[in-house]
Amino acid sequence: MTNTRTAGPAGILGLHHITLVASSAQRTADFYTRVLGLRLVKTTVNFDDPGSYHLYFADERGSAGTVITFFEWPGAPRGRPGIGGTHHVALRVRDREGMLRWKRRLTDLGLRIIGPYDRHYFTSIYFRDPDGVVLEIATDGPGMLIDEPTETVAQRAPPPALVRGGRDEDAIAALTWPEPVSRIDPAMSLLGGMHHITAMSSNVDRTDEFLRGVLGMSLVKRTENFDDPGKRHWSWGAADARPGSLITYLERDATDRRASMGTGQGHHYALAVADDVSQAEFRDRLLSAGLPASPVMDRVYFRSVYTRDPDGHIVELATMGPGFLVDEPAETTGDTLRLPPWLEAHRDDISERLTGLERSGWPNDGSNPERGVMSHPRAALHASDEAAGAAS
Ligand SMILES: [Fe+2]
Ligand SMILES: [Fe+2]
């Protein structure tokens, strides 16, 4: 994402990170590095629960907006999406060609891919990580501004040919890259980070009061859920609506099920603020609005304030700095267990409680993805199908 701070009052700079819950640190590391080509940029523990891993995947340096993190909760129940929770996270790819190459690569690895769906403002494919997290790869273009400027967003219905029931599902399913794709070439790179995060709301007007009214984000699109026409789907972001700044909410009936925390679910999402001064202003603003705001928490790589959206989803405001290279060099960041200064005295105890973690090298062009899909449920299904076939 662009880190440039525009003139005027300090605002939300874009997405900072998303934190999800995994059942196995090793399986998650294998998938995000070997299959998707991200870097394990920091290996640490959950500062609030130091017996469990907290892994950060990102671009080479852990730039804000590229960071996807996981708490490892072995044995935790599987979470499920719903109101007050995250629905999915989308990663940016440069163009449609790169996206189709991803479809071919991931299909050949045994994953089930849906799409490419033309979302009017971008084109997307969808799949799941080994714990069931819904991931999307979305093109940068044509962008949210193709049909209106953000100053005057109107509630608009999607083009009928793009919604469920109006699109040619067979043609979409058949569309893929014609050649096998054995490595992640630069046109496919996902190191540009997140395109958007999508959460679920019982009332997007109330969500708007929070994101626009309190946090000062721009409401950049008011449309409908292309897969569930008639249900509102709104997006907020920077005024220029650039990928990497976008948070979107799907509206559900207020009586629909709520999210439950667990593996394969989002824990919280974090928006980027410039610095401590800006963060303190936002904290005051939250408290003045009668909303929860945690004390400032030192996360070593950034500082955090936590609040909740109107449906109870945890939302963090994280500073841009000091960044992930504050305690180890770019060449080797992520390679060894890092602990915050206040936990160093307990390093032996903590290390003993953690399982070993085998890392892939960096840079990673994805040419050895097998370990990353070995324990993916979809790949396992294929393997057992073959075994059953051989036995019969
Ligand atoms: Fe999406
Ligand atoms: Fe966080």
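Preceding this paragraph is the structure being described.
A quick note: this is a predicted structure, and the numbers were derived from the prediction, not measured.

1. Details of the pairing of strand β3 (residues 49-58)
Logical step 1: In terms of residue burial, β3 counts as a mostly covered element, since eight of its 10 residues are buried.
Logical step 2: Direction of pairing for strand β2 (residues 39-46) relative to β3: antiparallel, over a ladder of seven bridges. Pairing of Leu 40 across the sheet is with Phe 57, part of β3.
Logical step 3: Adjacent in sequence and paired antiparallel, β2 and β3 are bridged by two residues.
Logical step 4: Relative to strand β4 (residues 67-72), β3 is paired through four bridges, and the arrangement is antiparallel. Bridge pairing in β4 places Phe 57 opposite Ile 68.

2. Remarks on the side chain of His 54
Logical step 1: Here His 54 lies in strand β3.
Logical step 2: Overall, the relative accessible area of 8% leaves His 54 in the buried class.
Logical step 3: Not counting residues within four places of it along the chain, the set of residues in contact with His 54 comprises Thr 19, Lys 42, Thr 43, Thr 44, Val 45, Asn 46, Thr 69, Phe 70 and Phe 71.

3. Section: the environment of Leu 291
Logical step 1: Assignment of secondary structure puts Leu 291 in the loop between α5 (276-288) and β14 (297-298).
Logical step 2: Sequence separation of Leu 291 and Gly 75 is 216 residues, and the distance between their C-alpha atoms is 33 Å.
Logical step 3: Excluding residues within four positions of it along the chain, Leu 291 makes contact with Phe 210, Val 214, Leu 286 and Thr 307.

4. Here's the deal with the sheet that holds strand β12 (residues 246-251)
Backbone hydrogen bonds are what pair the strands of a sheet, in a parallel or an antiparallel way.
Logical step 1: The mixed open sheet is built from eight strands, whose spatial order is β6-β7-β8-β5-β9-β12-β11-β10. Strands at the two margins of the open sheet, each flanked by one partner only, are β6 (114-118) and β10 (218-224). Averaged over all pairs of adjacent strands, the angle between their axes in this sheet comes to 25°, without regard to strand direction.
Logical step 2: Both strand β9 (residues 194-201) and β12 contribute to a ladder of six bridges, which runs parallel. Pairing of Met 200 across the sheet is with Leu 250, part of β12.
Logical step 3: Helix-sheet contacts for helix α4 (residues 204-214) involve β9, β10, β11 (232-237) and β12, and the interaxial angle to β11 is about 0°.

5. Some thoughts on the coordination of the iron ion (ligand 1)
Logical step 1: Here the iron ion (ligand 1) is held by the protein donor atoms His 88 (NE2), Glu 136 (OE) and His 196 (NE2), which lie 2.0 to 2.1 Å from it.
Logical step 2: In the primary structure, the donors to the iron ion (ligand 1) are separated according to the pattern H-x47-E-x59-H. Taken together, the residues His 88 in strand β5 (residues 86-93) and Glu 136 in strand β8 (residues 134-139) connect sequence positions 48 residues apart.
Logical step 3: Assessed through its relative accessible area of 8%, His 88 is described here as buried.
Logical step 4: You can call Glu 136 buried: its relative accessible area is 1%.

6. Considering the coordination of the iron ion (ligand 2)
Logical step 1: Of the protein atoms, only His 17 (NE2), His 268 (NE2) and Glu 316 (OE) coordinate the iron ion (ligand 2), at distances of 2.0 to 2.1 Å.
Logical step 2: In primary sequence terms, the donor set of the iron ion (ligand 2) follows H-x250-H-x47-E. Of this pair, His 268 sits in strand β13 (residues 266-273) while Glu 316 sits in strand β16 (residues 314-319), placing them 48 residues apart in sequence. Comparing His 268 with Glu 316 shows no difference in burial state: the two are buried.

Basis of the calculations
Residues numbered from 1 in each chain as written. Chains lettered and ligands numbered in written order. Predicted model: local features only at pLDDT ≥ 70, side-chain atom pairs only at ≥ 80, totals over all residues. Heavy atoms only, no water. Buried < 20%, exposed > 50% of the residue type's maximum accessible area, 1.4 Å probe, protein only. Helix = DSSP H or I, 4+ residues; strand = E, 2+ residues; numbered from the N terminus. Pairing = 2+ DSSP bridges. Contact = heavy atoms within 4.5 Å. Axes fitted to C-alpha atoms, helices over the stretch in contact; angles between N-to-C directions. Donors = N, O, S within 2.8 Å, 3.2 Å for Na, K, Ca; no water.

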